[in-house]
Amino acid sequence: MTSPAPARPDGPASAAGHPPPPVRPWVFAAGAAALIALLAVPGALTVRRGGGGPFDLDGELTIPAFASAGLLLCAAAAAALAQRRDPGSRRRPWAALAVLFAVMAVDEATGLHEGLEDLSAVDWQTLYVPVVLLAGIAWLLGLARLRGRERAAFVLGAGAWGAAQVLEALEWTGPREAERAVDGYGIMMGAEELLEMTGSALFTLALLLAVERWSRR
């Protein structure tokens, strides 16, 4: 007597041999949007009072700084997951982005870039040009692996981070040794920090969508 054939598993995991992402993309998107909105309100009130306190968007080791770092760690984890699940042969860009996002998370929480700027007397955005160039190459190679909504979220994430850096460059005026904040600094700074969080969340969303698609192949 022959034994019955094992039941064939259903669902996306059986199609590609990989389970779907641990967090559904739109669940993550809703949670990230709620987090950013919740931080925006006390952050704006803190800016209006002149800064300081646990919700200061401009501070290190504050609730917004840790939240921003947490969103970057989400992007790092999503990139690492993409590196394992991408069915293509060229997965190194995902590994590079995972490392980059993790380093950015540490920087965001601790203000490492500002410490390097003080030590070198060179604007941190100038110091980080080589890193940005390498990140841009990895981003472009990763973009080529994405489709539809994934690609849109990935592009919007880069746009949000790019806009944030433009705002940061405009927040100060004068030579470095006599640099001063421009009028409206608080509003620009708040927008900059929230754009960075939004960009990190969009990167994560793009990669979760890609992993979900790959799990269905």
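What counts and what doesn't
- Residues numbered from 1 in each chain as written.
- Predicted model: local features only at pLDDT ≥ 70, side-chain atom pairs only at ≥ 80, totals over all residues.
- Heavy atoms only, no water.
- Helix = DSSP H or I, 4+ residues; strand = E, 2+ residues; numbered from the N terminus.
- Buried < 20%, exposed > 50% of the residue type's maximum accessible area, 1.4 Å probe, protein only.
- Contact = heavy atoms within 4.5 Å.
- Areas by Shrake-Rupley, 256 points an atom, 1.4 Å probe, with all protein chains shown as cover.
- pLDDT = per-residue confidence, 0-100.
- Core = buried A, V, L, I, M, F, W, Y, C linked by side-chain atoms within 4.5 Å.
- Expected span 1.5 Å × (residues − 1).
- Arc of directions from axis to C-beta.
- Axes fitted to C-alpha atoms, helices over the stretch in contact; angles between N-to-C directions.
- Parallel < 35°, antiparallel > 145°, perpendicular 65-115°, else oblique.
- Left-handed = near helix turned anticlockwise from the far one by under 90°.
- Nonpolar A, V, L, I, M, F, W, Y, C, P; charged D, E, K, R; others polar.
- Patch = residues over 30% accessible without salt bridge, like charges linked within 9 Å, V, L, I, M, F, W, Y side chains within 5 Å.
- Salt bridge = Lys/Arg side-chain N within 4 Å of Asp/Glu carboxyl O.
- Phe/Tyr/Trp six-rings, centres within 6.5 Å; stacked < 30°, edge-to-face > 60°.

Focus: the overall build of the chain
Next up, step 1: Helices and strands together make up the secondary structure of the chain, namely nine helices and two strands.
Next up, step 2: Listed by position from the N terminus, the elements making up the chain come as α-α-α-α-α-α-α-α-β-β-α.
Next up, step 3: The buried share of the chain, reckoned over its 217 residues, is 38%.
Next up, step 4: Within the chain, contacts between residues at least 6 apart in sequence are counted, and of these 72% link residues at least 24 apart.
Next up, step 5: Split by element, the accessible area of the chain, about 11,900 Å² in all, is 67% carbon and sulfur.

Comments concerning the confidence of the model for the chain
Next up, step 1: Here the chain shows a mean pLDDT of 86. Residues at 70 or above account for 88%.
Next up, step 2: Per-element confidence in the chain is highest for helix α3 (residues 63-85), whose mean pLDDT is 96, and lowest for helix α1 (residues 12-16), whose mean pLDDT is 41.
Next up, step 3: Here residues 5-16 is a poorly scored stretch, pLDDT under 50, and it has 14 contacts once near neighbours within four places are set aside; other chains count.

Observations concerning the nonpolar core
Next up, step 1: Formed by 32 residues in total, the largest nonpolar core has its most connected members in Trp94, Leu97, Phe101, Phe154, Phe203 and Leu207.
Next up, step 2: Contributions of two or more residues to this core are made by α3, α4 (92-110), α7 (129-143), α8 (148-170) and α9 (185-215).
Next up, step 3: Looking at this core, the element that brings in the most residues is α9, giving nine residues.
Next up, step 4: What Trp94 contacts, discounting residues up to four positions off in sequence, is Ala79, Ala82, Gln83, Asp86, Gly142, Arg145, Leu146, Phe154, Leu207 and Trp214.

Examining α7
Next up, step 1: With 15 residues, α7 extends 20 Å between its outermost C-alpha atoms, agreeing within 8% with the 21 Å of an ideal straight helix rising 1.5 Å per residue.
Next up, step 2: Buried within α7 we find Ala135, Ala138, Trp139, Gly142 and Leu143. Viewed along the axis of α7, the buried residues span an arc of 135 degrees, placing them on a single side of the element. Seen from the open side of α7, the exposed residues pointing more than 90 degrees away from its buried face are Leu133, Leu134 and Leu140.

Examining the side chain of Glu192
Next up, step 1: The topology assignment puts Glu192 in helix α9.
Next up, step 2: Other than its neighbours up to four places away in sequence, Glu192 contacts Ala164, Leu167, Glu168 and Glu171.

Observations regarding the packing of α3 against α9
For any two helices packed against each other, one specifies the crossing angle of their axes together with the interaxial distance.
Next up, step 1: Two elements in contact, α3 and α9, have axes whose closest approach is 8 Å; the angle formed by their N-to-C orientations is 25 degrees. Taken together, α3 and α9 sit at an angle that is classed as roughly parallel. For the pair α3 and α9, the crossing hand works out as left-handed. On α9, the residues that touch Pro64, Ser68, Leu71, Leu72, Cys74, Ala75, Ala78, Ala79, Leu81, Ala82 and Arg85 of α3 are Met197, Ser200, Phe203, Thr204, Leu207, Val211 and Trp214.
Next up, step 2: When the residues that make up the contact of α3 with α9 are grouped by side-chain class, the tally is 14 nonpolar, three polar and one charged.

Thoughts on helix α2 (residues 25-48)
Next up, step 1: Between its terminal C-alpha atoms α2 stretches 34 Å, which fits the 34 Å expected from 24 residues at 1.5 Å a residue.
Next up, step 2: All of the buried residues along α2 are Pro25, Phe28, Ala32, Ile36, Leu39, Gly43 and Thr46.
Next up, step 3: Buried residues along α2 sit against α3 and α9.

Some thoughts on a nonpolar patch on the surface
Next up, step 1: Together, Leu112, Leu116, Leu119 and Leu127 make up an exposed nonpolar region whose accessible area comes to about 380 Å².
Next up, step 2: Looking at which element gives the most residues to the nonpolar patch, the answer is helix α5 (residues 112-120), with three residues.
Next up, step 3: By secondary structure assignment, the location of Leu116 is in helix α5.

Here's the deal with the packing of aromatic side chains
Next up, step 1: The tally for this structure, following the rule as stated, stands at five aromatic pairs.
Next up, step 2: Note on Phe154 and Phe203: the rings are 5.4 Å apart at their centroids and 65 degrees apart in plane angle, and the pair reads as edge-to-face. Within this pair, whereas Phe154 is found in helix α8, its partner Phe203 is found in helix α9, the two being separated by 49 residues in sequence.
Next up, step 3: Accessibility expressed as a relative area gives 7% for Phe203, which makes it buried.
Next up, step 4: Taken together, the ring pairs in this structure connect Trp94, Phe101, Trp139, Phe154, Phe203 and Trp214 into an aromatic cluster.

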